[in-house]
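Letter by letter, the chains look like this.
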Amino acid sequence: MSDEINNKKDQPTRREFIHIATTAVGAVGAGCVALPLVTQMNPDASVKALAKVEVDISKIEKGSQVTAMWRGKPIFIRRRTDEEVQKARKVKLDELKDPQKDEDRVKKGKDEWLVMLGVCTHLGCVPLNQQGEYGGWFCPCHGSHYDISGRIRKGPAPKNMEIPNYEFVSDTKLIIG
Amino acid sequence: MSDTNYKPTSALGKWFDERLPLLTLFNGHLMQYPTPKNLNYWWTFGGILTFCLVTQIITGIVLAMHYTAHADLAFSSVEHIMRDVNYGWLIRYIHANGASMFFLAVYIHIFRALFYGSYKSPREVIWILGIFIYILMMAAAFMGYVLPWGQMSFWGATVITNLFSAIPLIGESVTQWLWGGYSVDNPTLNRFFSLHYLIPFLILGLVILHIWALHVPGNNNPVGIDLKKDGSDTVPFHPYIVIKDLFALVIFMIVFAGFVFYAPNVLGHSDNYIPANPLVTPSHIVPEWYLLPFYAILRSVPDKLGGVVLMFGAILILAALPWLDTSKVRSAIFRPIYKQFFWLLVIDVLVLGYMGAMPAEGTYLLISRIATVYYFAHFIIIMPILGFMEKTKPVPLSIADPIISGSGNFAAAKKDKI
């Protein structure tokens, strides 16, 4: 019987074919089962549903900051003074680790409003307001310094603090998300 | 290795053993198992570690009966354990300090292996299984520390899970997958609880493999030589080693109880008695003491990905040690130069640990950078070169020999014991 199966030496036998086919179907099946088991850990529908928040900004004075919560993370809403905006714009791009113009980090005509994710891009701590060597934020966890535009200037963080999607629905109201 | 002539004495024992030879297995591995007769107290930490694992599993199962894994309830359920549950304070303090004692014992166990060259051929697999156990211990300890949902829990979890965001391209999706959201939150707490419950049983499985692999070549010993085949170098595990292990365990338990009853919070961080607040990071985040050396390595690198790679590299490099160490002599007793480097490594790790607890700035940062470079240099440069350069002392032919002849080697060996 085995002679019959193995008579063509250089060609796969029927038994080899069955082995490979069975293994392949088994692997595909295992992959199909693994997929839901892995993706169940991704953000679920209830987490994704909390995607937008509304913030009243009418009471924020110049030079001060409020913190809103969005997706479990703090959002810094900072109403900068004119000097601070000037200072942010004077910085040359080649001094920056993650070069980005201050103009690109705010909405046009709303230059005093800096709205950003208050999360250090190093390991996710919340930086402290009005501290650090660049007059912006300082992360106490591992010593990252951010300037008044939220750009990384010194320390281990690789990127500027992130700007979320947001819009001014009126002069006093902001929607984040 | 095991006594093949073993027969249970009772009729029931015989009946059972013929159907499932469990008694033969226990007799071979826990009674007759031949152990080198010169094992010192540094060899008792294997037994102590087994005790620690069992303690953590038992107290952990009990705590899980009273704990609630929900972001809104976890903190108060831990307070409920401390105040309302009968002896809850005792069980929780044993569990929390038990983690520290577990790591204390495992560090002694690891450094014992480093001193006496226990990782070298033919024991590489035992060593690598040990590193897997150590990594799982760190994972279990980290996730366990998150469960009380205090400030250090929350921010420790944030910092550690953010390490994965350093992975190029897929980093962000990986972290969100780990979190089950856009930040550390209730889904994260839930899965950490599930995994924290799972990991000790994975460790238990690896411990069985670790002991199985150990019982193939048998124990290394303070002089680090292969044993004579005639059995003159060995004593049976029971009662000789069992009693010695138990005595060491009692001493260890005194220290353990000292922490539990007199200083139950000294190894923890007071910030963890503040409920988690995602809007405020504590001004000074530190991990538990046993993770500090790796934390110092992470912070010493001014680049995010680089820091993460070096931190994990610091653990993984241990797995390559059997091949990085080129010396044929196992025990540091006969390696005068290595012995000095061994103690330098101990000091280096302690320095890193201290730096991990200090703020990452100025002199502290400089010292942790030097210590990080030295840590890697020890394994990558010193260990391979030293094996070729070092002139080792003469090694005895057997454990029995120098004792009988009273030769100088044994006297030297005895004096040099740490």
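Residues numbered from 1 in each chain as written. Chains lettered and ligands numbered in written order. Predicted model: local features only at pLDDT ≥ 70, side-chain atom pairs only at ≥ 80, totals over all residues. Heavy atoms only, no water.

Participant: For this particular structure, what's the right way to read the overall build of chain B?
Facilitator: A tally of regular secondary structure across chain B gives 17 helices and two strands. Here the C-alpha atoms of chain B give a radius of gyration of 24 Å, agreeing with the 22 Å that 2.2 N^0.38 yields for 418 residues. Across its three principal axes, chain B shows a C-alpha extent of roughly 70 × 60 × 45 Å. Taken over 418 residues, chain B has a buried fraction of 51%. Restricting the contact set of chain B to residue pairs at least 6 apart, pairs at least 24 apart contribute 80%. Counting every atom, chain B has about 19700 Å² of accessible surface; 72% of that belongs to carbon and sulfur. For chain B, the distance from the average position of its 25 positive side-chain charges to the average position of its 22 negative side-chain charges is 10 Å. (Helix = DSSP H or I, 4+ residues; strand = E, 2+ residues; numbered from the N terminus. Rg over C-alpha atoms; globule rule 2.2 N^0.38 Å. Buried < 20%, exposed > 50% of the residue type's maximum accessible area, 1.4 Å probe, protein only. Contact = heavy atoms within 4.5 Å. Areas by Shrake-Rupley, 256 points an atom, 1.4 Å probe, with all protein chains shown as cover. Lys, Arg positive; Asp, Glu negative; His and termini not counted. Charge placed at Lys NZ, Arg CZ, Asp CG, Glu CD.)

Participant: Help me understand the pairing of strand β2 (residues 64-70) of chain A in this model?
Facilitator: Each regular strand shows side chains that alternate between the opposite faces of the sheet. Residue and element names in this part refer to chain A. As paired elements, β2 and strand β3 (residues 73-79) share seven bridges and run antiparallel to each other. Bridge pairing in β3 links tryptophan 70 to lysine 73. Between the antiparallel neighbours β2 and β3 lie two residues, among them arginine 71 with a positive phi of about 50°. (Pairing = 2+ DSSP bridges.)

Participant: Hey, could you run me through the nonpolar core in this one?
Facilitator: Across soluble globular proteins, nonpolar side chains have a tendency to be buried as a group. Core analysis: the biggest nonpolar cluster contains 130 residues, and B:Phe103, B:Leu114, B:Trp127, B:Tyr134 and B:Tyr375 have the highest contact counts within it. Per element, the largest residue contribution to this core is 16 residues, and it comes from helix α5 (residues 88-116) of chain B. Among residues more than four places away in sequence, those in contact with B:Phe103 are B:Tyr134, B:Met137, B:Met138, B:Ala141, B:Trp289 and B:Tyr290. In terms of nonpolar packing, the next biggest core, distinct from the first, is built from 15 residues, A:Ala68, A:Ile77, A:Val115 and A:Tyr166 among them. (Core = buried A, V, L, I, M, F, W, Y, C linked by side-chain atoms within 4.5 Å.)

Participant: Got a minute to help me understand the state of the cysteines in this structure?
Facilitator: Note on terminology: a disulfide is the covalent bond linking the sulfur atoms of two cysteines. Residue and element names in this part refer to chain A. The final tally for this structure, using the stated rule, is one disulfide over all chains. Here cysteine 125 connects covalently by a disulfide to cysteine 141, the sulfurs 2.1 Å from one another. Between cysteine 125 and cysteine 141 the disulfide shows an S-S torsion of about -100°. By sign, it is left-handed. With cysteine 125 in the loop between β4 (113-117) and β5 (128-129) and cysteine 141 in the loop between β6 (135-139) and β7 (144-147), the pair connects residues that are 16 residues apart, well separated along the chain. (Disulfide = S-S within 2.5 Å.)

Participant: Even after reading the chapter, I still don't get the side chain of B:Ser153, so can you show me in this structure?
Facilitator: Residue and element names in this part refer to chain B. Looking at the element boundaries, serine 153 is found in helix α7 (residues 151-162). A distance of 2.7 Å separates a polar atom in the side chain of serine 153 from the backbone oxygen of tyrosine 145. In this structure, serine 153 is in contact with Tyr145, Val146, Pro148 and Asn272, ignoring residues within four places of it in sequence. (Polar contact = N/O pair within 3.5 Å; in protein donor to acceptor, adjacent residues only side chain to side chain.)

Participant: Help me out: how do you make sense of the pattern of salt bridges in this one?
Facilitator: Pairs may arise between side chains of opposite charge once their charged atoms sit close together. All names here are of chain A. The final tally for this structure, using the stated rule, is 19 salt bridges over all chains. Among the salt bridges present, the one from arginine 80 reaches aspartate 102, with a minimum N-O distance of 2.9 Å. With arginine 80 in the loop between β3 and α4 (82-90) and aspartate 102 in the loop between α4 and β4, this pair connects stretches of sequence that are 22 residues apart. Grouping residues by exposure puts arginine 80 and aspartate 102 together as buried. (Salt bridge = Lys/Arg side-chain N within 4 Å of Asp/Glu carboxyl O.)

Participant: Mind showing me how you'd approach the packing of helix α3 (residues 45-64) of chain B against α5(B) here?
Facilitator: A packed helix pair is summarised by two numbers, namely the angle formed by the two axes and the spacing between the axes. Residue and element names in this part refer to chain B. At a minimum axis distance of 9 Å, the contact between α3 and α5 shows a crossing angle of 155°. Taken together, the axes of α3 and α5 lie roughly antiparallel to each other. Along this stretch, α3 crosses α5, giving a crossing that reads as left-handed. Contacts between α3 and α5 pair Phe45, Gly46, Ile48, Leu49, Cys52, Leu53, Thr55, Gln56, Thr59, Gly60, Val62 and Leu63 from the former with Ile91, Arg92, Ile94, His95, Gly98, Ala99, Met101, Phe102, Ala105, Val106, Ile108 and His109 from the latter. (Axes fitted to C-alpha atoms, helices over the stretch in contact; angles between N-to-C directions. Parallel < 35°, antiparallel > 145°, perpendicular 65-115°, else oblique. Left-handed = near helix turned anticlockwise from the far one by under 90°.)

Participant: Just checking my understanding: could you explain the sheet that holds strand β9 (residues 166-168) of chain A for this structure?
Facilitator: Through backbone hydrogen bonds, the strands of a sheet pair up, either in parallel or in antiparallel fashion. Residues and elements named next belong to chain A. One open sheet accounts for three strands, arranged β1-β10-β9; its pairing is antiparallel. Unpaired on one side and paired on the other, β1 (53-56) and β9 mark the two borders of the sheet. Between one strand and the next, the sheet's axes are offset by a mean angle of 20°, whatever the strand orientation. The pairing of β9 with strand β10 (residues 173-176) spans three bridges and is antiparallel. What sits directly across from phenylalanine 168, in β10, is leucine 174.

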